Amino acid sequence: YVFFGRFGYDEKPEPHPRNLKIGAWWAEMVDLPCIVAAGSDLAGVREVAATGAEFVALSAAIYGGDTSPSERVATANRQLDERATRFQE
């Protein structure tokens, strides 16, 4: 796998635009799966899923905030189910 992002640098709510751009390019051009880092807000899951990347890396979005990590993972999974339709084909 290839990872686009920097571990520990997800303190902004949104994913870094460069990570989204290169993740979208990679997912379209290369068969090797990639991982794109989302931001510290769970809304970033949708943005990363829209790139076609196979995996979304979450850290602060899961372990930050006032809800439990398990609730935040469930929310992220629901967003992926709604957005990552290419894996349902």
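Residues numbered from 1 in each chain as written. Predicted model: local features only at pLDDT ≥ 70, side-chain atom pairs only at ≥ 80, totals over all residues. Heavy atoms only, no water.

Draft legend 1. Inspection of the packing of aromatic side chains at higher detail. Per the stated rule, a full pass over the model turns up 4 aromatic pairs. Between Tyr-1 and Phe-55 the ring centres are 5.2 Å apart and the planes differ by 85 degrees, which places this aromatic pair in the edge-to-face class. Of the two residues, Tyr-1 sits in the segment before β1 (2-4) while Phe-55 sits in strand β3 (residues 55-57), which places them 54 residues apart along the sequence. Every member of this aromatic cluster is reached through a ring pair, and the members are Phe-4, Trp-25 and Trp-26. (Phe/Tyr/Trp six-rings, centres within 6.5 Å; stacked < 30°, edge-to-face > 60°. Helix = DSSP H or I, 4+ residues; strand = E, 2+ residues; numbered from the N terminus.)

Draft legend 2. Fine view of helix α1 (residues 17-29). In this model α1 runs 18 Å from its N-terminal to its C-terminal C-alpha over 13 residues, within 8% of the 18 Å that 1.5 Å per residue would give. Buried residues of α1: Asn-19, Leu-20, Gly-23, Trp-26 and Ala-27, and no others. Buried residues in α1, looked at end-on, bunch into an arc of 135 degrees, giving them a common side. Of the exposed residues in α1, the ones pointing more than 90 degrees away from its buried face are Pro-17, Arg-18, Lys-21, Glu-28 and Met-29. Buried positions along α1 lie against β1, β2 (34-37) and α2 (44-51). (Expected span 1.5 Å × (residues − 1). Buried < 20%, exposed > 50% of the residue type's maximum accessible area, 1.4 Å probe, protein only. Arc of directions from axis to C-beta. Contact = heavy atoms within 4.5 Å.)

Draft legend 3. Molecular detail of helix α4 (residues 69-83). The end-to-end C-alpha separation of α4 is 21 Å, in line with the 21 Å expected for 15 residues at 1.5 Å each. Restricting attention to buried positions, one finds in α4 the residues Arg-72, Ala-76 and Gln-79. All buried residues of α4 project into a common sector of 60 degrees when viewed along the axis, lining one side. Facing away from the buried side of α4 by more than 90 degrees, the exposed set consists of Ser-70 and Asp-81.

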